[in-house]
Structure formats: C-alpha cells, structure tokens
There are 2 protein chains.
Amino acid sequence: MFQAAAKTLSVASTSSVSRAILFSLRHYCKKTPTKLRVSEALSGAELGENVKVQGWVRSVRPQKANLFIHVSDGSSLQPLQIIAGSELNDPLLTFGSAIEVTGILKKSPHQKQPVELEADRVRVVGECNPVDFPFKIKERHGLEYIRQFPHLRCRTNAFSSLLRIRSEATTAIHSYFKDNGFMQIHTPIITSNDCEGAGELFQVEPSGPVHEEDEHFFSVPAFLTVSGQLHLEVMSGAFSRVYTFGPTFRAENSQSRRHLAEFYMVEAEVSFTESLEDLTKVMEDMFRSATEHVLAHCAEDVDLFHKHVTPGHRDTLDAMVKKRFPVITYSEAIDILNSSSQKFTFPTYWGCDLQTEHEKYLVKHCGNIPVFVTDYPYDLKPFYARDNQDHPEHTAAAVDLLVPGVGELCGGSLREERLDLLSARLQEVGLEDTYSWYLDLRRFGSVPHGGFGLGFERYLQCILGVDNIKDVIPFPRFSHSCLL
Amino acid sequence: MFQAAAKTLSVASTSSVSRAILFSLRHYCKKTPTKLRVSEALSGAELGENVKVQGWVRSVRPQKANLFIHVSDGSSLQPLQIIAGSELNDPLLTFGSAIEVTGILKKSPHQKQPVELEADRVRVVGECNPVDFPFKIKERHGLEYIRQFPHLRCRTNAFSSLLRIRSEATTAIHSYFKDNGFMQIHTPIITSNDCEGAGELFQVEPSGPVHEEDEHFFSVPAFLTVSGQLHLEVMSGAFSRVYTFGPTFRAENSQSRRHLAEFYMVEAEVSFTESLEDLTKVMEDMFRSATEHVLAHCAEDVDLFHKHVTPGHRDTLDAMVKKRFPVITYSEAIDILNSSSQKFTFPTYWGCDLQTEHEKYLVKHCGNIPVFVTDYPYDLKPFYARDNQDHPEHTAAAVDLLVPGVGELCGGSLREERLDLLSARLQEVGLEDTYSWYLDLRRFGSVPHGGFGLGFERYLQCILGVDNIKDVIPFPRFSHSCLL
C-alpha cells in the first residue's frame, strides 16, 4: 500500500506538503514491515527495507555489544543472520525456540552470507527448553539418533535438507512426465487385485468388532496396492502415455535397511511401444532430468549430505549423471557373474534370480554407474510380461535398472498384448476368471505397450548415498514400527 | 538426422550431385515419418510433413472415393481426421480398434479441424469387435452406464475428458503451492493415530491366517489415514508452509452420491498465522488459481461437461471464479437459517451441526457462490481447534468453505498452539498420553498456526457440476464395491 501511495506522490509535485506526507508514510511503513521468508530475505529482495522474519533459532552468540542469532524457517538450509543490540537478549532465546524479528535488511560485510537483518525487535513466540529438547546446539546428531524422534527430526539440518530434496525431486518427476506428454492417474490404494501374485499383502477391513469371514466391507477381500500397473494398463488403452506416483505397500516381515511396509513408487505405461528401448529411454531420461533438477534447485542440501553424511558420494553421482547407462542382457549378466572371482552367497546359473549381491557386482563391473539388464528368463517373470518366444533360452521382454549402492531401482517389461498368449498363460496359472477384465483390455483395441516402476525412496538413497531407507521418508513404517 | 544433413548441404554449394543426395535424403525421410501425438498434429507442428499417428478409432465414414476416420490417443478431446483412399478400407476398422496411420499432414479445408492427415497407410494394430464392445459408435452413453465398466470407461469421451481435467487440476494445485512457497510432504497412509477420534477407520493387517488380537504386524493397531493434518503439524514446526495431496479413507457404510471409502485430500498448514484470514486467503486463492488453470488448459474438456453432462453449470462456475467469497460467522449463519421460510429436515439452533441442507441453503442465500463460515461452537470441534475464549458463545477458530451443489468443500481451523490449553483439553478427553508427542510440538518452539483440508473429488464435482462423486475418480471404492 505504501509503495503505491509513494509512487503516486513521486509523480505529483514534491512540495513540502507532499514531502511531509511521504515522511509520515515512511514512518507508517516502518510500523508495518514486509513479511519475508528466510529464502526471500537471503535473495536480497528487500535490501534496505523494514522487514519481518519469523522462524526457529538455529544458534545464538552473544558478544560484547551485539547478539548474533541464526534463524531458519525451512525455506532454505542457510539461516538468516540477525544482529541485535545486546539489550535485546532474552534468556528464552534458545536453540529451537520460535521467534519473530523486525528490522532493516542490510548487505552483510561477511562473505558467508549475502545479507543480515539489523533487528530493532526480537520476540520469542514459542519457548524451547534446551534441557528437554533432544537436539543440542552445534551438535551434529547422527541419522540413527534423530530417527528416534519422528515428530521432531524435521528440525535438524540433515532431515530438513532431506525433506526439501524429497519435495523438489517429487516436483521434478511430475515435471518430467508432464513435459513429455504423460497424463497423471491416481491409481487406487485399496484394490481387490493381487498384482504380482506375490503374497505379502496388507488386508483392509473396518476396525472394531471382528467381522465374519464372508462379511467383507467391500463384499470381497480388499488389499493395499503393491503396484498401480494393472490400473495404469487400463488407462493405457485410451491414453498413450500415463503415469502414477503414490504410496505402495508390502507386508514384508523385515526391518532391513532396504525395505519399508509403505513406500512411494513412480510407475509409467507407454502405448505403441516397439521395443524395450522405448522404456529404457524414459527411465534414463527421467533419472537424469530429476537428478539435474535436484542438483540445480537443492545444491546446498545435497552438499550437506555429500559432505557430512555420505562423504565421497558426489563423484559417484556425477558419473551417474554424465555417462550413458549401459545395457546388458540377463544372459550376459550371468556370464559376467560366472566368470567373476568373487564368492557369492547365492550361486549363479542361467535361470537364477539375481540377488542384491549380484546386482551390486554387476553395477561395479560396469563402472559403478546405473546399468540396464534385459530379457530375463520367462519363468522368473509374472504373467503379464511379454514372451520373447526365443529358443532355446526362453526369455521375457523385461528390464531392471540396477544402480550403485542400492541394486534394483526400476523394474519394467513390455506387457503381453496378444490375447491368445496372455489367455493361455492365465489359464496355466488358473487366473483366467480373476483377470477376465484384464483380458478384455486385449480384446478391445489392444496395442503393444510396456511400463516400469521406480522405487522413489531408493532413488533418493541412490542420489544421496544414504544407506538406510528409513532416513529418506518422513514417517517410516516397517514391521513392529508405526510411530505417530 | 535428416534435418542436420540437409542443413549442411544447403550451406554447401547446391551442385547437381548434392541435389541428388538431398532428393534421396528426402526420400529416406518419407520412409521414416515423424511420430506425432494427436494433440501435436492438431497444433499444426509438422504441416506438410510425413508423419505417423497411433491411436484408437472414434468414427469411420466411408464415402465414394474416400474414407474418413477420426483417431484419438487421449492427448486431446478433439480427434485427428484421417482421409484415406477407399482402397485402404478394412472391415477391422471399427469403433475402438487401435490403428497406426502414416501420411502427409495437411491444412484442413473444413472449419471444424485445423489439420487432417492424408493417409498413405492405415494399419489395424488391435481389433475391437463392435458387438462385444460395450460402447457404441456415435452414442452418448450416460455416466451411470459407463460406470459399470471401470476397465473400459476411460475410452469414452466423457470419462477421458474427466481424466484430463483431473490430471490438469492436480498439476494446478501442486503449482499453486509451489509458487507460494509451500513444501510438499508425503504424509503416511498407515498410521497409529485416529486423528479426528471419529471412528469409521479401516484397520490394516497382513492378509492370510487370522492373527491373534495382540499380535499386530506393527506391534500396535494400525489404520488407514483419515487426514494428514497431525503429520503436517509435525512439519509445520520446521517449515512455515507445508502441504500434502494424497489419498485418505473412511469406512463409511454409505453408497451415497457424496461419499467414497477412498478419496483424495489436499491439506495445508501455515505457521505464524495471525487470524483465520491467513487460511481463507490460501483456500480462496488456491480455488481460483486451480480453476483458472483448468479452464485455460482443458477448455474443450470442461465444455463437454457443461454442454452435455451438466447444462447450465458454466454460469455458476463463472460467478464462482469472478466474485470474492463472502465470509459469515456460524452465529450469522444460524440467524440466516432461523429466519428462513424453508422447512429443514434437521432443526437449526445455536450449537447445532450444519447439515448439507443447511449448507446448500447458505450458499444459495449468499448468491450461489462459495461462502466461508467461521467460528463454530467450540464443542463441535476436535481437540486441536483453537479456543476463541469468547463468552457467552464459546467458539473455536474454525472455518468451512461451502460451495454450490456440494456443500462443504474445505474445513480448517487455527490449531491450539498454547500448551496449557491443549494439555487441559486432551486431559479432559483422556487422550493426554496418546498425544504426548503432539504436546511436544507445543513444548518446543510452538507457533500460532493453522490449516485446512479440501476434498479433491468434491472440488471436481463443484467445477464440473457432476452430481455423483463416483464419476470424478478413476476407480471408485465404496461399501460393497472394489472393482479391479
């Protein structure tokens, strides 16, 4: 309001009267400072202006004449430095307390920060008792320690960085798909399908008194989704490019560093495919596009991880982004493993499932960058994988993307679009009736198509080098743990 | 490749030799046509070029010398018109079949479409038996009819339009929050909280043999989330603006037009609030921003609804976007209802809960545009709502946004940030131990904050005028129904 009024005045003649008005407007303005987020203040947007900043105290350093406070509001890793006269000191100004500061935003004489806020007022909005607060000033707590406080860990530097990276990576993935003509589909969470036929499902019923076996809320048994693939395939009969990005579930009785009961998957389906290359191109482009976006928009946050949490990982990541991902067939992978001098826990032979140890070896063998493995044995893959109809090695047009540190990041396949072959296979496994609707998709305007899924938490582990999957999701759920 | 080569040539002297090369390159190019999506073709991107388009047949009109085919690939409501010599006709070219067409993209002489594809080849990729296919050519099937075929309804014009609108509205909402400094949080689906204390929860356990009562997978009873609010509040202790957009659940035994067991919610929390206005501003801005985005990016799709599905709704929507949303207090609302001549099923008095009939009346009373109702009776609101500490009418700083046709679209409140008040209330309802972690948020750097939730399906109903909530979600789940 002041700016508009001032503009009008400067257009009019600057008589002594208008100057007096201008002065009182400036005075008024000083009383209603512009509210700024820390990231906005740091960008120098309102240099020289009277501003108000609100956030949480990261550090307090009282010196002779002045008090130096670092305040953060989550909009950036870098805090804003506040300089206040020591008369503004307050015993409640402790690490973690919430404050509101007004003052003039000035260029900083120090190299470390572009601006600082010369405070004329510092108000403690919410106290934080430093004895009870589990995080201590200037201490770098380990990821394992902060994991014990799921309701507070976002207040640490490391976890707030993780959350900014996660949010930005989410945006990047949505942007990639939008820019490339994919339509977003909200595939259902509750489903009557068991997509992979893999067991390890969560079942869903209303809470309260135990229901009789045949008295289901949905009339049929209902489960939490393990994949949105089949529902995406429904959509890929009308839209040539679709994707979904949401939570998926596995009732795995594991507390490992690699598994969660609830995790996020990015899944895409492409219609009118010609070969697996139509899928590997999307996977590689998406990986590169998302990673470049994160590196460009969260440079400081990523640096925090690469410097303090996972030193040395930056070189690995740079190589991943720069180099093209090699493609090897499953048969070539088996040859590589068989001629390795490394002793594996699980034996390798044509037809064996690749274990994490094998996947990690293959990644190292290929130069410690992501590698595609294609054309897996037909019998290892679910009913929907497209039959390559090759002999004597019978394979399916399936592909996995293996990445450093993590192993399998993506899994995908061309889908069997031929009604006769699909129908025969479903009959073989006794699922023809259950999936009659799925066969319908092949009866009416079927097209060659394929898709893949990417484990979003594994993606974050891969780019940050974080070892434990529980450290890259806001509220980890796993066997025997569902905090909050 | 061709373009680069041709450019090089045009820079070099155009001798007869290079002209010959150019000719054969052009010939080569004709053999490998550019793959285009229908929306790209319609935009006239490759006019005069040899292109390939793939999609599903919407209509076939054989005339004397020519065959007219409309093909769609989901990238737009408008199909691409194909003109083919009648010798390219094929009995398999039926409504719903999948085809691949190559030819030259030309300006169309007809007003209805900007371009048309003069085909030199039409190949049927996937047949579609018109007798068995439940949708018939040129017929406008009702939403209720197509709902019976959840695996095929995306192939109708109406539902493919709905899905494009839904995808675009999702993008718009994410953009609004990103542009306004909100960070996205993936709040958990499985939770040990019962946020509203409202009952009607789904419980989650691994499928398979019945477990003993005290043998939970997560060690504690676990439920599907009814709201991400409390988890967002965790984050709003470190980030001043956060939001989540994901599925939520209610085990309501209802098959009404208004309820689903699984639906999407947009929820936001804002820290350092001063009054309810900080929330109503975000709600109103988001509504307007998302709606304008949808109207700009899905004009044809929205028109289909407003012309054929819900005639007359466009005027209602235009008024919603243009006018500021009025704000009335709950007490004013009760006065309005009490002085109404309309007979309500549920009686109205200060302290009563507003029913849908009341909400719809208030919306009509305020000019059939969205209206905010604020400051509800304290006793009607959950434990976290901020006490207004007013007398004699004891209210909480809560707000609902009521909209035409739907009733409640958003509900929100300032949250009780004062430890003593919150602690006393939790003690009153016997939940102090359960929510000791929530009290921690007030112990350590508590700030005035508030938030709201918006029902995404209701939002879509509101802008499109669609009566039944099952028609605005890809796979509706409700009591006795979980198809696919």
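As recorded by an unreviewed UniProt entry, chain A carries the name asparagine--tRNA ligase and is attributed to Lates japonicus. Of the comments in the UniProt record for chain A, the one headed Sequence similarities (unreviewed entry) reads "Belongs to the class-II aminoacyl-tRNA synthetase family."

Moving on to the overall build of chain A. Scanning chain A for helices and strands turns up 14 helices and 17 strands. Put simply, of all contacts in chain A between residues at least 6 apart along the chain, 65% involve residues at least 24 apart. Computed over 49 positive and 62 negative side-chain charges, the separation of the two mean positions in chain A equals 14 Å.

Taken as rigid bodies, chain A and chain B are interconverted by a rotation of 180° and an axial shift of 0.0 Å, the fit giving an RMSD of 0.0 Å. Considering both components of the superposition, the chain copies are consistent with a two-fold axis. Identified as the residue of chain A closest to the rotation axis by C-alpha distance is Val204 of chain A, at 2.6 Å. Take the interface residues of chain A: 99% of them recur as interface residues in chain B, which is what a same-surface contact looks like.

On to the pairing of strand β14 (residues 371-377) of chain B, then. Residue and element names in this part refer to chain B. In terms of burial, β14 is a largely internal element, six of the seven residues being buried. In this sheet, β14 lies alongside strand β13 (residues 327-329) in parallel orientation, the contact comprising three bridges. Residue pairing in the sheet places Val327 in a bridge with Phe372 of β14. One ladder, built from six bridges, connects β14 with strand β15 (residues 395-403); its direction is antiparallel. Bridge pairing links Phe372 to Leu401 in β15.

This brings us to the pairing of strand β4 (residues 80-85) of chain B. Residues and elements named next belong to chain B. Judged by how many residues are buried, β4 sits mostly within the fold: six of six residues are covered. Residues Leu80, Ile82 and Ala84 point to one face of β4 and Gln81, Ile83 and Gly85 to the other, with burial holding for every one of them. For strand β3 (residues 66-72) and β4, the ladder comprises six bridges, and the chain directions are antiparallel. Paired with Ile69 across the two strands is Ile82, which belongs to β4. Examined bridge by bridge, β4 and strand β6 (residues 115-126) share three bridges and lie parallel to one another. Residue pairing across strands places Gln81 opposite Glu116, the latter belonging to β6.

A few words now on the interface of chain A and chain B. Taken together, the contacts link 103 residues of chain A with 103 residues of chain B. Taking both sides of the interface into account, the surface hidden between chain A and chain B amounts to around 8,100 Å²; carbon and sulfur atoms contribute 63%. It is His186, Phe272 and Phe444 of chain A in chain A that bury the most area against chain B; as a group they hold 10% of the surface buried on that side. The tally of links between chain A and chain B comes to four salt bridges. Lys178 of chain B is the salt-bridge partner of Glu168 of chain A, the closest N and O atoms lying 3.1 Å from each other. With 10 residues, helix α5 (residues 157-179) of chain A is the single largest residue contributor to the side of chain A that touches chain B. In terms of residue class, the side of chain A that touches chain B is built from 47 nonpolar, 36 polar and 20 charged. Here strand β9 (residues 202-206) of chain A pairs with strand β9 (residues 202-206) of chain B via five bridges, running antiparallel. When the bridges of β9 of chain B are listed, Gln203 of chain A appears paired with Glu205 of chain B.

Residues and elements named next belong to chain A. Between His391 and the following residue, Pro392, the backbone shows a cis peptide bond with an omega angle of -5°. Topologically, Pro392 is positioned in the loop between β14 (371-377) and β15 (395-403). Look at Lys138: it is not a glycine, yet its phi comes out positive at around 65°. Assignment of secondary structure puts Lys138 in the loop between β6 (115-126) and α4 (143-146). Positive phi is not limited to glycine here, since Phe272 has a value of about 60°. Position of Phe272 relative to the elements: it lies in the loop between β12 (262-271) and α7 (277-297).

Moving on, we come to the packing of helix α8 (residues 299-309) of chain B against helix α9 (residues 313-322) of chain B. Two quantities define a packed helix pair, namely the angle between the helix axes and the distance between the axes. All names here are of chain B. The interhelical angle for the contact between α8 and α9, taken along N-to-C directions, is 125°, at an axis separation of 8 Å. Judged on the interaxial angle alone, α9 and α8 are oblique. Each of Val302, Asp303 and His306 in α8 lies in contact with α9, whose residues at this interface are His313, Arg314 and Leu317.

Right, let's get into the sheet that holds strand β12 (residues 262-271) of chain B. All names here are of chain B. Read from one edge of the open sheet, eight strands run β7-β11-β12-β17-β16-β15-β14-β13, paired in mixed fashion. The strands lining the two open edges of the sheet, one partner per strand, are β7 (183-184) and β13. Contacts from helix α7 (residues 277-297) reach β11 (241-249), β12, β14, β15, β16 (407-415) and β17 (449-455) within the one sheet, and its direction differs from that of β17 by about 30°. In this fold helix α14 (residues 456-464) packs onto β11, β12, β15, β16 and β17, with an angle of close to 60° to the strand it touches most, β17.

The next subject is the pattern of salt bridges. A full pass over the atoms with the stated rule returns 38 salt bridges over all chains. Two residues, Arg166 of chain B and Glu457 of chain B, come together in a salt bridge whose shortest N-O distance is 2.9 Å. Here Glu457 of chain B lies in helix α14 and Arg166 of chain B lies in helix α5 (residues 157-179), a separation of 291 residues in the sequence. Across this residue pair, the class does not change: Arg166 of chain B and Glu457 of chain B are buried. For Glu269 of chain B, the salt bridge goes to Arg415 of chain B, with nearest N and O atoms at 2.4 Å. Here the residue Glu269 of chain B occupies a position in strand β12, and Arg415 of chain B occupies one in strand β16, the gap between them amounting to 146 residues. Since its relative accessible area comes to 4%, Arg415 of chain B is described here as buried. One network of salt bridges, with partners in common, ties together Arg147, Arg153 and Asp471 of chain A.

This part takes up the environment of Glu300 of chain B. Residues and elements named next belong to chain B. Take Glu300: it is sitting in helix α8. Linking Glu300 and Leu77, residues 223 residues apart in sequence, is a C-alpha distance of 6.8 Å. Ignoring anything within four residues of it in the chain, the contact list for Glu300 reads Leu77 and Gln78.

Neighbouring strands of a sheet are bound in pairs by backbone hydrogen bonds; such pairs are parallel or else antiparallel. All names here are of chain A. One open sheet holds the eight strands; their spatial order is β7-β11-β12-β17-β16-β15-β14-β13, and the pairing between them is mixed. Each edge of the sheet is formed by a strand with only one pairing partner; in this case those strands are β7 (183-184) and β13 (327-329). Looking at chain direction, β12 and strand β17 (residues 449-455) are connected through seven bridges and run antiparallel. For Val266, the partnering residue across the bridge sits in β17 and is Leu454. Helix α14 (residues 456-464) rests against β11 (241-249), β12, β15, β16 (407-415) and β17 of the sheet, and its axis sits at about 60° to β17.

A separate point is the packing of aromatic side chains. Working definition: an aromatic ring pair is given by the centre-to-centre distance plus the angle between the planes. Throughout the structure, instances matching the rule amount to 56 aromatic pairs over all chains. The interplanar angle of 90° and the centroid separation of 5.7 Å between the aromatic rings of Phe135 of chain A and Phe149 of chain A together place this pair among those described as edge-to-face. With Phe135 of chain A in the loop between β6 and α4 and Phe149 of chain A in the loop between α4 and α5, this pair connects stretches of sequence that are 14 residues apart. A single burial state applies to Phe135 of chain A and to Phe149 of chain A, both of which are buried. Aromatic pair Phe444 of chain A and Phe133 of chain B: ring centres 5.1 Å apart, planes at 50°, arrangement tilted. Highlighted residues: Phe444 of chain A in the loop between α13 (436-443) and β17 and Phe133 of chain B in the loop between β6 and α4 (143-146), drawn from two different chains. Taking relative accessible area as the criterion, Phe444 of chain A reaches 4% and is therefore assigned buried. With a relative accessible area of 3%, Phe133 of chain B lands in the buried category.

The rules behind each value
Residues numbered from 1 in each chain as written. Chains lettered and ligands numbered in written order. Predicted model: local features only at pLDDT ≥ 70, side-chain atom pairs only at ≥ 80, totals over all residues. Heavy atoms only, no water. UniProt positions renumbered as here; feature names shortened; annotations may be inferred. Helix = DSSP H or I, 4+ residues; strand = E, 2+ residues; numbered from the N terminus. Contact = heavy atoms within 4.5 Å. Lys, Arg positive; Asp, Glu negative; His and termini not counted. Charge placed at Lys NZ, Arg CZ, Asp CG, Glu CD. Least-squares fit on C-alpha atoms with pLDDT ≥ 70 in both. Buried < 20%, exposed > 50% of the residue type's maximum accessible area, 1.4 Å probe, protein only. Pairing = 2+ DSSP bridges. Buried area = accessible area lost by both parts, 1.4 Å probe. Salt bridge = Lys/Arg side-chain N within 4 Å of Asp/Glu carboxyl O. Nonpolar A, V, L, I, M, F, W, Y, C, P; charged D, E, K, R; others polar. Axes fitted to C-alpha atoms, helices over the stretch in contact; angles between N-to-C directions. Parallel < 35°, antiparallel > 145°, perpendicular 65-115°, else oblique. Phe/Tyr/Trp six-rings, centres within 6.5 Å; stacked < 30°, edge-to-face > 60°.

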